[in-house]
Each structure stands twice: as C-alpha cells, then as structure tokens.
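Observations on chain architecture
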Amino acid sequence: MSKEISEKDVVAVQVIEKAGIDVKKLLELLIAGVGAEFTTYYYYTILRMHCTGLEGEGIKEIVEDARIEDRNHFEAMTPRIYELGGRLPRDIREFADKAGCPDAYLPENWKDVKEIIKVLLAAEQCAIRSWAAVCEMTYGKDPRTYDIAQRIMQEEIEHEAWFLELLYGRPSAHFRRRFIGESPHAGAHLRTTHG
Amino acid sequence: MIKVCNINDIKDNSMILVCIEKREIIIGKKDGRIVAFDPFCPHRHAYLHRGSFKDCNIVCPLHEFEFNLDTGKLVSIPAFYNEQREEWKKSGDLILYKTTIKDNCVYVDLKSLDREDEVSS
Ligand code: FES
Ligand SMILES: [Fe+2]
Ligand SMILES: [Fe+2]
C-alpha cells in the first residue's frame, strides 16, 4: 500500500462533519449499538435453548427470528463503523463491556416461559432506545448511517411488538417471516445471504 | 461567556439541545434553576435531552442512570441492572458547564466546554 491517508481527507467523513456530526461521538454510539446486537445474539441463543415444553416450543421460532435478525443488525451496521474510520475493539471482552444494552441473562426461573419473554422484551426495548439515539444524531446530517439505523430500529419495534403480544396479548400484527431471520428492513444492508 | 438563549425559551423542568460554536450542549431549567451540560450520557453516549429531571439529577433515557447536576457524578442505577457486571455499569462523570443569567439571557462559559480529551499537552 502507498502512503497513509489522513482521516481529514476522507470526503465521506468530511461531508457529515460539515453537516454537524461529531464523528467520534457517533462512532462510540455505533460501537455500543453493534456490541449490544452481538451480545444479544449470544444471549438469545441461550434463551432459545431454554424455550422448553409445550409453551416453549410455541415461541422457539419467533425467538429464532429475533436472534438471527439481531445478528443481522450487527452485520448491517459494522461496515459503517469502518467506513467512518472507526474499528471494533480488538478484544471481545472490551466489546461486551462497551455494549449499549445489558446482558440478557437467562432468568433463574426459566422454566416459566413468560420469564424468558420478559428478558427478550427488555432487550428489544433497550435496542429501540439505542437505535433511536443513532437516528436522532444522524437525522438530516448523515443519510447513510441514518438509513441503516432506522431500518434496524424498524425491526426492533417489530420484535418488541411480538414479545408484548406474547406476554400481554396486545396484538402485534405479527405473522411469520418468509424465512428465519428475514430482516425485511435491514436486509437491504446485508451483503451476505442471510437467514 | 456566550449568549445561548432567552431564559423564557426553556419551560420549567424541561431542556433543550442547542448548538454553540459547532458544539451541542443541553440547557435545562430545573425548578427555575438554569443548568447546562454535555448532551451525551457518559455511560453509553445517549442523548440526554430526551431524559428527565429527578430531584437534583438528570435521568438518562437509555438505561435511566442518574447523574447529579451539581457534581456530574453518577448517583443512582436502577435495581434492574443489579445483576450486570461492574464493567458494564461503569460510567464517567457528566460534563457540566457554568451558566450566568443577565437581562433574562442565558450565557454559558465556553471555557468550561473544553472536554478533558481535547486538552492538548
Ligand atoms: S447511556 Fe445513559 S445510562 Fe446508559
Ligand atoms: Fe437488533
Ligand atoms: Fe431485536
């Protein structure tokens, strides 16, 4: 590779800075956001494994959709971090410590499926708030980050609605995805075959 | 000191996000008292103007950590996070800015706007 490029010369960064974006702050928020997606994907794996019995079987598929879509959210936003001159922490422990949402631990009384759904619901609600913060920071200033964040947020909103329906019977308009982890909104930013 | 807004631009117990000299800050009015602070939560950088006031604290909208408006220190974390690792709960202090009111106008001390990470050696 030839001589080093100064970050100041990256036009794609220049234009959003000129529009008023504090790129350093945005990167912190994005790393926290994808950190939460990555850790949530991990914890949802454990939660899904513990959806047992007749009731558990009924929610396995919906948990799997939310789990894979969270992984998709990590995939959709991470390239943007690098485009902006940021990077993921070298150590995964540091990454987890910086996550924008708390660890979605398996509840002690996991045999009660509702307790698992409560954990899922809290995770989705945190994700909505965290992507809303990115949308707020980028709206009208950084259309590319905004577009990815708003698409992720749309899926988080759906995930929240699914779990609210399962817990409280509040209709969510949910009907199955076309395939597991379809990501109907954020899928536009995925470069791999997903699902 | 930089003039930011009129004292009546802010309703009591609310806050606004303003941009002065290319830097965003929050100006709030808590029980009639004007406060100014960094817009980003020191925990995970959520925008604080979507939060709320509680006693002498600002409550972050993302995880509801509470930061004292006189010291900037983290004073309370919801019990919901008791189980979480200390590393995850760790937070810096909220950056506070000095304000003065003159002729119904709010002024902010720009000197206090310099964040630690920007102090050059
Ligand atoms: S980001 Fe403010 S409390 Fe976590
Ligand atoms: Fe997600
Ligand atoms: Fe989700």
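Just so it is clear, the model here is predicted, and its values are computed rather than measured.

Before going further, it helps to examine helix α6 (residues 143-168) of chain A. Residues three or four positions apart in an α-helix share a direction because the helix packs 3.6 residues into each turn. The terminal C-alpha atoms of α6 of chain A lie 36 Å apart, and with 26 residues this matches the ideal 38 Å at 1.5 Å per residue to within 8%. Taken from the residues just after α6 of chain A, G169 of chain A is the one with a positive phi, measuring 75°.

Attention now goes to the coordination of the iron ion (ligand 2). Residues and elements named next belong to chain A. Around the iron ion (ligand 2), the protein contributes the donor atoms E37 (OE), E37 (OE), D70 (OD), H73 (ND1) and E156 (OE), at 2.0 to 2.6 Å from the metal centre. Read in sequence order, the donor residues coordinating the iron ion (ligand 2) give the pattern E-x32-D-x2-H-x82-E. Separation of the iron ion (ligand 2) from the iron ion (ligand 3) amounts to 3.4 Å, with D70 serving as a shared donor to the pair. On the criterion of sequence distance, the pair formed by H73 in helix α3 (residues 53-83) and E156 in helix α6 is long-range, its members being 83 residues apart.

When the parts come together, some accessible area is lost, and that loss is often what is quoted as the size of the interface. Of the residues lining the interface, 20 residues belong to chain B; the matching set on chain A comes to 23 residues. Around 1900 Å² of area is buried between chain B and chain A when both sides are counted, 52% of it from carbon and sulfur atoms. At the junction of chain B with chain A, the criterion picks out 4 salt bridges. D103 of chain A serves as the salt-bridge partner of R85 of chain B, at 3.1 Å between the closest nitrogen and oxygen. Linking chain B with chain A are 13 residue pairs in polar contact (both at pLDDT 80 or more), by the criterion used here. Of the residues contributing to the side of chain B that touches chain A, the split by class is 8 nonpolar, 4 polar and 8 charged.

Residues and elements named next belong to chain B. When the pLDDT values of chain B are averaged, the result is 90; 92% of them are 70 or greater. The secondary-structure element of chain B with the lowest mean pLDDT is strand β1 (residues 2-6), recorded at 92, while strand β7 (residues 66-68) shows the highest, at 98. Confidence drops under pLDDT 50 across residues 114-121; counting only partners more than four residues distant or on other chains, this segment forms 8 contacts. In the model output, the complex is listed with pTM 0.90 alongside ipTM 0.84.

Residues and elements named next belong to chain A. Protein coordination at the iron ion (ligand 3) comes from D70 (OD), E124 (OE), E156 (OE) and H159 (ND1), with a distance range of 2.1 to 2.6 Å. Between the 4 donor atoms coordinating the iron ion (ligand 3), the angles at the centre fall across 87 to 153°, so the site counts as irregular. We note that the donor set of the iron ion (ligand 3) lies within a single chain, spaced as D-x53-E-x31-E-x2-H.

Thresholds, definitions, all that
Residues numbered from 1 in each chain as written. Chains lettered and ligands numbered in written order. Predicted model: local features only at pLDDT ≥ 70, side-chain atom pairs only at ≥ 80, totals over all residues. Heavy atoms only, no water. Helix = DSSP H or I, 4+ residues; strand = E, 2+ residues; numbered from the N terminus. Expected span 1.5 Å × (residues − 1). Donors = N, O, S within 2.8 Å, 3.2 Å for Na, K, Ca; no water. Contact = heavy atoms within 4.5 Å. Buried area = accessible area lost by both parts, 1.4 Å probe. Salt bridge = Lys/Arg side-chain N within 4 Å of Asp/Glu carboxyl O. Polar contact = N/O pair within 3.5 Å; in protein donor to acceptor, adjacent residues only side chain to side chain. Nonpolar A, V, L, I, M, F, W, Y, C, P; charged D, E, K, R; others polar. pLDDT = per-residue confidence, 0-100. Tetrahedral: all angles 85-135°; square planar, octahedral: opposite > 155°, others 65-115°.

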